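# Examining the three-dimensional arrangement
One letter stands for each residue in the lines below.
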Amino acid sequence: MANNPMFNEAAFERAQESARAVQPMTLQGTINKTFCLLFLCVVGAMFTWTNPQISGLAMGLSAIGAFALAMVTSFKPSISAFTAPIYALLEGFLLGAISAQYNAQFKGIVFNAVAITFLVFFAMLFIYRTKIIKVSRGLMIGIFSATLAICVLYIGSFILSLFGVSTAYLTSNSPLSIGISVVVCIVAALNFLLDFNFIDEMTSRFAAPKYMEWYAAFSLMVTLVWLYIEILQLLAKSQKR
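The notes below deal with the structure included here. (Residues numbered from 1 in each chain as written. Predicted model: local features only at pLDDT ≥ 70, side-chain atom pairs only at ≥ 80, totals over all residues. Heavy atoms only, no water.)

## So, the overall build of the chain
On a plain count of helices and strands, the chain comes out with 9 helices and 0 strands. Counted from the first residue to the last, the chain has its helices and strands arranged as α-α-α-α-α-α-α-α-α. Its C-alpha radius of gyration of 18 Å places the chain within 12% of the 18 Å reference for a compact globule of 241 residues. Expressed as lengths along the three principal axes of its C-alpha atoms, the size of the chain is roughly 55 × 40 × 35 Å. Taking all 241 residues of the chain together, the buried fraction comes to 48%. (Helix = DSSP H or I, 4+ residues; strand = E, 2+ residues; numbered from the N terminus. Rg over C-alpha atoms; globule rule 2.2 N^0.38 Å. Buried < 20%, exposed > 50% of the residue type's maximum accessible area, 1.4 Å probe, protein only.)

Laid out in structure tokens, this is it:
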């Protein structure tokens, strides 16, 4: 099934075996834990936001730690109740440091980016619940393919930059760069539809154990963070023009 790469149907199927005697995963429980992770992320972000002198170190260590925890959590969902909160804190440290740098250049940009991110999140939840856009298999494949293409673009651009090749098409404020950012933001937003649909299917088709709510919340966090960073970059590019 095509969806957010962090959502892994095999992981839910493996977890089903241990769910016989425990309270099952629910959609509401997943939403509650998502807000819990968001709170931890905000706490972490406020720390680096108010302590700019450690932003450089925090960015490096948080990025490495968050990536490592993301990999561990994705392959070991059973410990997500412990790793997901730590991941949220580390991601908060990283986002706080990045946001502080952007805010130093463009006053008010962070507030706008946060507001737009939450607006998109709730808009996509509303769209999903009211079935304004139905999550068909074709839509899943299309969004997954677009997400994969973006990953390849970013990885390829990073490799090219190591060899001194210009990646201005991603970092400048040119119409092409802004257009790419808009497309990436749209794809990131559409991933929420897949996330919500996958959680619905797993809570109705599989008796996944309660800890899988943390795993699903962690996966939603990945999409939220991605969307926020993309919106922040898009707003910065727009203000440079």
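## With respect to the packing of helix H8 (residues 175–205) against helix H9 (residues 212–240)
Put simply, H8 and H9 touch, their axes get as near as 9 Å, and they point 160° apart. Here H9 runs roughly antiparallel to H8, going by the angle between their axes. Note on packing geometry: the crossing formed by H8 with H9 is left-handed. Of the residues that constitute the contact of H8 with H9, the class distribution is 17 nonpolar, 4 polar and 3 charged. (Axes fitted to C-alpha atoms, helices over the stretch in contact; angles between N-to-C directions. Parallel < 35°, antiparallel > 145°, perpendicular 65-115°, else oblique. Left-handed = near helix turned anticlockwise from the far one by under 90°. Nonpolar A, V, L, I, M, F, W, Y, C, P; charged D, E, K, R; others polar.)

## Points about helix H5 (residues 109–129)
With 21 residues, H5 extends 30 Å from end C-alpha to end C-alpha; this agrees with the ideal 30 Å at 1.5 Å per step. On its buried side, H5 packs onto helix H2 (27–49), helix H4 (80–105), H8 and H9. Looking at the residues trailing H5, positive phi occurs at Lys131, about 60°. (Expected span 1.5 Å × (residues − 1). Contact = heavy atoms within 4.5 Å.)

## Considerations on the packing of aromatic side chains
Where two aromatic rings form a pair, the distance of their centres and the angle of their planes describe that pair. All chains considered together, the criterion is met by 9 aromatic pairs. Seen from their ring centres, Phe192 and Phe196 are 6.1 Å apart, and the 15° between their planes marks the pair as stacked. With Phe192 and Phe196 both in helix H8, this residue pair falls 4 residues apart, about one helical turn. Using a relative accessible area of 0% as the deciding quantity, one classes Phe192 as buried. The class of Phe196 is buried, set by a relative accessible area of 5%. In this structure an aromatic cluster arises from ring pairing among Phe35, Phe121, Phe122, Tyr128, Phe192 and Phe196. (Phe/Tyr/Trp six-rings, centres within 6.5 Å; stacked < 30°, edge-to-face > 60°.)

## Details of the pattern of salt bridges
One pass over the full model with this rule turns up 3 salt bridges. Of the charged contacts in the structure, one is a salt bridge between Lys33 and Glu213, with a shortest N-O distance of 2.7 Å. One end of the pair, Lys33, is in helix H2; the other, Glu213, is in helix H9, and 180 residues separate them in sequence. Across the pair, Glu213 and Lys33 agree in class, each one buried. For the salt bridge of Glu213 with Lys210, the shortest nitrogen-to-oxygen distance reads 2.9 Å. With a relative accessible area of 25%, Lys210 lands in the partly exposed category. (Salt bridge = Lys/Arg side-chain N within 4 Å of Asp/Glu carboxyl O.)

## Observations regarding the nonpolar core
Counting residues in hydrophobic clusters, the biggest one holds 60 residues, and the most contacted among them are Leu37, Ile109, Phe192, Met221 and Leu232. Of all the secondary-structure elements, those providing two or more residues to this core are H2, helix H3 (55–75), H4, H5, helix H6 (137–162), H8 and H9. Aside from chain neighbours lying at most four places away, what touches Leu37 is Ala84, Pro85, Ala88, Trp214, Ala217, Phe218 and Met221. (Core = buried A, V, L, I, M, F, W, Y, C linked by side-chain atoms within 4.5 Å.)

## Topic: the state of the cysteines
A full pass over the atoms with the stated rule returns 0 disulfides. Cysteine Cys36 shares no disulfide, and the gap to the nearest cysteine sulfur, in Cys41, comes to 12 Å. For Cys36, a relative accessible area of 34% puts it in the partly exposed group. Given a relative accessible area of 9%, Cys41 falls into the buried group. (Disulfide = S-S within 2.5 Å.)

## Side note on a nonpolar patch on the surface
Taken together, Ile155, Phe158, Ile159, Leu160, Leu162, Phe163 and Val165 make up a surface patch of nonpolar side chains, about 730 Å² in accessible area. Looking at the secondary structure, you find Phe163 in the loop between H6 and helix H7 (168–171). A relative accessible area of 69% places Phe163 in the exposed class. (Patch = residues over 30% accessible without salt bridge, like charges linked within 9 Å, V, L, I, M, F, W, Y side chains within 5 Å. Areas by Shrake-Rupley, 256 points an atom, 1.4 Å probe, with all protein chains shown as cover.)

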